[in-house]
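Chain by chain, the residues run as shown.
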Amino acid sequence: NAGVTQTPKFRILKIGQSMTLQCAQDMNHNYMYWYRQDPGMGLKLIYYSVGAGITDKGEVPNGYNVSRSTTEDFPLRLELAAPSQTSVYFCASSFNTNTEAFFGQGTRLTVV
Amino acid sequence: AQTVTQSQPEMSVQEAETVTLSCTYDTSENNYYLFWYKQPPSRQMILVIRQEAYKQQNATENRFSVNFQKAAKSFSLKISDSQLGDTAMYFCAFISMNYGGSQGNLIFGKGTKLSVKP
């Protein structure tokens, strides 16, 4: 049982480049989330989705885009990468709002 | 908008002793869940305990228990008989259960770094 799988685990981007962080879950969860965690800080919600075809902005959506075409996948797109986007990114999913959220292992992204 | 505040950036406790981590939250909703997650140095997020807002009884999970004060919007975590393996960042989290609006918006506090000393 894979759970929540994030790829890649590490990535270095140059300023202005674009990339997509992949997230897939095999638990048939309705809810999926993208967070960023800056050093020594908590998790800030970027975007979330309550089901396929439905996404909504979190606390820090600027500079990011998401899509949810299937229940399993929730990719996060960074357009025109900036040094302020250097962070660790976590994807998470849960079956419902009252159930445990399962997290991926995180992606450490550095923008130089 | 909901907010979650953890006022203790760092705490330490001696092995086998008890420690309490604080969390307050702000919301206008009545129907929600609260969680405590643990993040050890491996970076993996692990659920410690959860509390339904409509339940007055405090949740417990082995050595972990909460003190949920709904009127005060307070949700503290007590760790009894602390163990070296409890060393980690601890995050308090809130999620709304109300359909529409902010349902599904799982938000976290900034965390408390707990060190358990031998």
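Residues numbered from 1 in each chain as written. Chains lettered and ligands numbered in written order. Predicted model: local features only at pLDDT ≥ 70, side-chain atom pairs only at ≥ 80, totals over all residues. Heavy atoms only, no water.

Undergrad: Could you give an account of the state of the cysteines, with specific residues and numbers?
TA: Inspection of the entire model under this criterion finds 2 disulfides over all chains. A sulfur-sulfur distance of 1.8 Å marks the disulfide that ties Cys23(A) to Cys91(A). Between Cys23(A) and Cys91(A), the S-S torsion sits near -70 degrees, and that sign places the bridge as left-handed. Of the two residues, Cys23(A) is situated in strand S3 (residues 19-25) and Cys91(A) in strand S9 (residues 87-94); the sequence distance between them amounts to 68 residues. Neither residue differs from the other here; Cys23(A) and Cys91(A) are each classed as buried. Put simply, Cys23(B) and Cys92(B) are joined by a disulfide, and their sulfur atoms are 2.0 Å apart. Measuring the twist about the S-S bond at about -70 degrees, one finds the Cys23(B)-Cys92(B) disulfide to be left-handed. Linking Cys23(B) in the loop between strand S3 (19-21) and strand S4 (24-26) with Cys92(B) in strand S10 (residues 88-96), this pair joins segments that are 69 residues apart in sequence. (Disulfide = S-S within 2.5 Å. Helix = DSSP H or I, 4+ residues; strand = E, 2+ residues; numbered from the N terminus. Buried < 20%, exposed > 50% of the residue type's maximum accessible area, 1.4 Å probe, protein only.)

Undergrad: Kindly report on empty space enclosed by the protein, identifying the contributing residues and their values.
TA: Under the definition given, this model contains 1 cavity of 30 Å³ or more. By volume, the largest cavity is sized at about 30 Å³. Lining the largest cavity are Tyr33(A), Ser94(A), Asn96(A), Thr97(A), Thr99(A), Ala101(A), Phe35(B), Tyr37(B), Ile95(B) and Leu106(B). Tallied by class, the residues present in the lining of the largest cavity amount to 6 nonpolar, 4 polar and no charged. (1 Å grid on protein atoms, 1.4 Å probe; cavity = no way out; pocket = protein on both sides within 12 Å on 5 of 7 lines; lining within 4 Å. Points joined across faces, edges and corners; volume = space filled by probe spheres on them. Nonpolar A, V, L, I, M, F, W, Y, C, P; charged D, E, K, R; others polar.)

Undergrad: I'd like a rundown of the pairing of S3(A), residues and numbers included.
TA: Residues and elements named next belong to chain A. Only one face of S3 is covered, namely the one carrying Met19, Leu21, Cys23 and Gln25; the face carrying Thr20, Gln22 and Ala24 has none of its residues buried. Pairing geometry for strand S1 (residues 4-7) and S3, over 4 bridges, is antiparallel. Each bridged residue has a counterpart across the sheet, and for threonine 5 the counterpart in S3 is alanine 24. Note: S3 against strand S8 (residues 76-78), 3 bridges, orientation antiparallel. Residue pairing across strands places threonine 20 opposite arginine 77, the latter belonging to S8. (Pairing = 2+ DSSP bridges.)

Undergrad: Go over the packing of aromatic side chains with me, naming the residues and quoting the values.
TA: Residues and elements named next belong to chain B. Taken as a whole and assessed by the stated rule, the structure comprises 17 aromatic pairs over all chains. Taken together, a centroid distance of 5.4 Å and an interplanar angle of 65 degrees make the contact between tyrosine 25 and tyrosine 32 edge-to-face. Looking at tyrosine 32, the relative accessible area reads 2%, which means it is buried. Measuring from ring centre to ring centre gives 6.1 Å for tyrosine 25 and phenylalanine 94, while their planes differ by 35 degrees; the resulting arrangement is tilted. Of this pair, tyrosine 25 sits in strand S4 while phenylalanine 94 sits in strand S10; the two residues are 69 residues apart in sequence, bridging distant segments of the chain. Among the residues examined, tyrosine 25 registers a relative accessible area of 5% and is labelled buried. On the basis of relative accessibility, which here comes to 0%, the residue phenylalanine 94 falls in the buried class. (Phe/Tyr/Trp six-rings, centres within 6.5 Å; stacked < 30°, edge-to-face > 60°.)

Undergrad: An account of the layout of surface pockets is requested, with residue identities and associated values reported.
TA: One number sums up the size of the largest pocket: a volume of about 420 Å³. Looking at the largest pocket, it is lined by 22 residues, and the ones nearest its centre are Gln37(A), Gly40(A), Gln39(B), Arg43(B) and Met89(B). For the lining of the largest pocket, the secondary-structure elements that each account for two or more residues are S9 and strand S11 (107-111) of chain A together with S10 and strand S12 (112-117) of chain B. Across the lining of the largest pocket, the residue classes break down as 10 nonpolar, 8 polar and 4 charged. In terms of lining residues, the second largest pocket is bounded by 17 residues, among which Leu43(A), Glu59(A), Gln2(B), Ile107(B) and Phe108(B) are the most central. Listing elements by their share of the lining of the second largest pocket, those giving two or more residues are strand S5 (43-51) of chain A together with strand S1 (3-5) and strand S11 (107-108) of chain B. It is S5(A) that provides the largest number of residues to the lining of the second largest pocket, a total of 3 residues. Considered class by class, the residues forming the lining of the second largest pocket number 7 nonpolar, 7 polar and 3 charged.

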